[in-house]
Amino acid sequence: MSPEPHSSTFPAPSTVVLAGARSASSPELPGAPPKLRESLLVTVISVAAMVGLYSGLDARNTRLLAAGETLFTPLTPLDAAIPLFVPFVWIYYTYFPLTLSLHVVTHTRREWLYEALSGYLLLAVTGFCFFALVPSQMPQPSLATCASADCRALDLMYRSDDGFHAFPSMHVAYSVYVALFFRDHAPKKAWLPTLLALGIAASTLLCKRHFVVDVPVGALLAFAARPIARRVRGATARVFRFAA
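Owing to the predicted nature of the structure, the values given are computational and were not obtained by experimental measurement.

Criteria and cut-off values
Residues numbered from 1 in each chain as written. Predicted model: local features only at pLDDT ≥ 70, side-chain atom pairs only at ≥ 80, totals over all residues. Heavy atoms only, no water. Helix = DSSP H or I, 4+ residues; strand = E, 2+ residues; numbered from the N terminus. Buried < 20%, exposed > 50% of the residue type's maximum accessible area, 1.4 Å probe, protein only. Contact = heavy atoms within 4.5 Å. Polar contact = N/O pair within 3.5 Å; in protein donor to acceptor, adjacent residues only side chain to side chain. Axes fitted to C-alpha atoms, helices over the stretch in contact; angles between N-to-C directions. Parallel < 35°, antiparallel > 145°, perpendicular 65-115°, else oblique. Left-handed = near helix turned anticlockwise from the far one by under 90°. Nonpolar A, V, L, I, M, F, W, Y, C, P; charged D, E, K, R; others polar.

(A) Highlighting the overall build of the protein. A count of helical and extended segments in the protein gives 12 helices and 0 strands. Scanning the protein from its N terminus toward the C terminus, one meets helices and strands in the order α-α-α-α-α-α-α-α-α-α-α-α. Looking at the 244 residues of the protein, the share that counts as buried comes to 44%. When contacts within the protein are restricted to residue pairs at least 6 apart in sequence, long-range pairs at least 24 apart make up 89% of them.

(B) Looking closely at the environment of Ala-224. By the element assignment, Ala-224 lies in helix 12 (residues 214–239). Between the C-alpha atoms of Ala-224 and Tyr-177, which are 47 residues apart in sequence, the distance is 9.4 Å.

(C) Structural context of the environment of His-107. Within the secondary structure, His-107 sits in the loop between helix 7 (103–106) and helix 8 (110–133). A relative accessible area of 48% means that His-107 is categorised as partly exposed. Separated by 3.1 Å, the side chain of His-107 and the backbone oxygen of His-103 make a polar contact. Of note is the side chain of His-107, whose polar atom sits 3.0 Å from the backbone oxygen of Val-104.

(D) Seen up close, the packing of helix 10 (residues 170–185) against helix 11 (residues 191–206). At a minimum axis distance of 8 Å, the contact between helix 10 and helix 11 shows a crossing angle of 170 degrees. Considering the angle they form, helix 10 stands roughly antiparallel to helix 11. For helix 10 against helix 11, the interelement crossing comes out left-handed. For the pair helix 10 and helix 11, the contacting residues are His-171, Val-172, Ser-175, Val-176, Val-178, Ala-179 and Phe-182 in the first and Pro-193, Thr-194, Ala-197, Ile-200, Ala-201 and Thr-204 in the second. Across the contact of helix 10 with helix 11, the residue classes break down as 9 nonpolar, 4 polar and no charged.

Following this line, the structure appears as structure tokens:
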């Protein structure tokens, strides 16, 4: 009887490779698109962090004012020279769809989805730390004599937070982050987020939502967050592995 073929006495090399391979459903798999439930979960977490950490200190600031404390108001002659231009409120409101527009890019690759989430969470926590350590307020002009739709829209924004959390501008931080994200991952589409980020930055000043110094500091936070978000996106994906 002839001996068995030599290859049958050894495990196939592919067995060793497959034993250490990642599952195709791994949230860290490069190039794989995210599942719908992942995208929805990331959206909910991002919005909750952005809104919750932004407004979480409103009651504290109200108590500080009631106790006679003075909040940080870095008013400069340039701030006083900038006029109130109410129609820019509509550009200001484009901030909300802009922050959700990252799904135009992230729906194609799972790692980009968690990179976006990492950046949003990082900015939300950083902003909260600023607001906790440096309570700030932007004095907002009265719109009582104006009944236009523009004024009603701006007054709604004024009443939402009483001008608290002015320094730095998180509207600018998130908007610039989105523009940089598009620049990195969808450069052909980056022109619109970039224009909107510039418009939103201008609107924060023209609508008297922020001081001049708040704008560049917010932009710097976005630039700082981008490389960190790229570095930690894998760790963020592992934390949310259950959603994959």
